[in-house]
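Fold and geometry: a report
Chain by chain, the residues:
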Amino acid sequence: TTQELKYASDDINHTQNLRKILDNIACGVLLYDDSGVVDINKKALAIFGFKTKEEFSQYGFNSISQVVHPDDRIQLIDALSNLQEIGDIVDNDYRLLRRDGSIVNVIGSTTVIQMDDGSRCYQRLIFDYTAKNEAENRLLFKQQQLLYTLAVDYTILISINRDTYEGEIVLDKRNILKQDA
């Protein structure tokens, strides 16, 4: 009937709109069940280091722990094993180890959801924070260098501008030392 065709057309439009949202959302979205991956969006593919779903499938991905850094794997598996009931959620951060050997720092949130057919599925949202983590590590290193520098007893300390190579005296103890002598 005409009404049934309209409902079917609306369902198709609704499904296409949801697919567009899923593919363009700013985080990785992965749906999986006990048998493997049900669906994955473009952002998650990029985070895992793949360009297409076909490439991802050919890799033989069947478990999130398969791409997790070995040092983080047990912790993640333990956290995910606590997911039992529909609505259970667990958040964690860990490192992924890509096929090319690069490491990606991610924050993930996994929720147990119920599919339309009544089956249970896991929805995992992942955010890549590698650049932020690297920036924090660089800042920490610079802070440690500064603390070391300040801990050493210098007579004179000069700051040099890396762009102009001009120096400026920051600390000068020469006059103080002459007065103490």
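Scope of this entry: the structure provided in the associated data block. (Residues numbered from 1 in each chain as written. Predicted model: local features only at pLDDT ≥ 70, side-chain atom pairs only at ≥ 80, totals over all residues. Heavy atoms only, no water.)

1. Observations regarding the packing of aromatic side chains
Here the distance between the centres and the angle between the planes together describe a pair of aromatic rings. The line we're drawing: Here a pair means two rings of Phe, Tyr or Trp (six-membered ring of Trp) with centres within 6.5 Å. Their orientation is stacked below 30 degrees between planes, edge-to-face above 60, and tilted elsewhere. Per the convention used, a helix needs a DSSP run of H or I reaching at least four residues, while a strand needs a run of E reaching at least two, with both numbered from the N terminus. The buried label applies to any residue whose accessible area, calculated with a 1.4 Å probe on protein chains only, is under 20% of its type's maximum; exposed applies above 50%, and partly exposed to all values in between.
Scanning all chains against the criterion turns up three aromatic pairs. Note on tyrosine 32 and tyrosine 122: the rings are 5.3 Å apart at their centroids and 25° apart in plane angle, and the pair reads as stacked. One end of the pair, tyrosine 32, is in strand β1 (residues 28–33); the other, tyrosine 122, is in strand β5 (residues 120–128), and 90 residues separate them in sequence. Tyrosine 32 gets classed as buried once you look at its relative accessible area, which sits at 12%. Exposure remark for tyrosine 122: the relative accessible area of 10% places this residue in the buried category. On the basis of an interplanar angle of 90° and a centroid distance of 5.3 Å, the ring pair of phenylalanine 50 and phenylalanine 56 is categorised as edge-to-face. Here phenylalanine 50 falls in the buried class, since its relative accessible area comes to 4%. The structure contains a cluster of three or more aromatic residues connected by ring pairs, namely Phe48, Phe50 and Phe56.

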